[in-house]
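# Understanding the architecture of this molecule
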Amino acid sequence: AVNSKQLAIGFLVDKVSADVSIKLLVEPDDKHPSPIHGDDLMESFELKVQWNGLGASTELFAAINTTYLHSLAVDQLLHLGCVAPGLASAPPMWTAAGFNLTLAQFHLSPLQSGGLEQ
């Protein structure tokens, strides 16, 4: 028996954060004409990024041969090669997709005083 089934999958991560150290190095090339000249400039920065309410969701619609799927053992249901013959001739269709990002924060700060302040 072929039945139509809809599958919805989603996830939501409440808080994701990352701290990254960045080093900016500018080395002027005095051998070629350039608007940047003089001494080397090296600055270190810390970038903090935080995402709140990061999530995604999707919905699939498929025609499934339930008689075939009921004939499979439990461990076979985890293998796509075993489950695929249970799908009707048409491949599953995506009926909806979504992405959620409630709040994103970025903070860039110098780690030490360097050549920019002089």
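Look up a bit, the structure's there.
We now turn to the structure provided with this report.

Thresholds applied
Residues numbered from 1 in each chain as written. Predicted model: local features only at pLDDT ≥ 70, side-chain atom pairs only at ≥ 80, totals over all residues. Heavy atoms only, no water. Helix = DSSP H or I, 4+ residues; strand = E, 2+ residues; numbered from the N terminus. Buried < 20%, exposed > 50% of the residue type's maximum accessible area, 1.4 Å probe, protein only. Contact = heavy atoms within 4.5 Å. Polar contact = N/O pair within 3.5 Å; in protein donor to acceptor, adjacent residues only side chain to side chain.

With that out of the way, let us pick up the environment of Gln-50. Position of Gln-50 relative to the elements: it lies in strand 2 (residues 41-65). With a relative accessible area of 21%, Gln-50 lands in the partly exposed category. In this structure the C-alpha to C-alpha distance between Gln-50 and Pro-91, which are 41 residues apart in sequence, comes to 38 Å. If we skip the residues at most four places from it in the chain, Gln-50 touches Lys-15, Val-16, Ser-17, Leu-103, Ala-104 and Gln-105. In this structure the side chain of Gln-50 is engaged in a polar contact, spanning 3.1 Å, whose partner is the side chain of Asn-52.

Right, let's talk about the environment of Thr-95 for a bit. Inspection of the secondary structure puts Thr-95 in strand 3 (residues 93-110). Thr-95 gets classed as partly exposed once you look at its relative accessible area, which sits at 43%. Taking the C-alpha atoms as reference points, Thr-95 and Thr-58, 37 residues apart in sequence, are found 7.7 Å from one another. With sequence-adjacent residues up to four places away left out, Thr-95 is seen in contact with Gln-6, Glu-59, Leu-60 and Phe-61.

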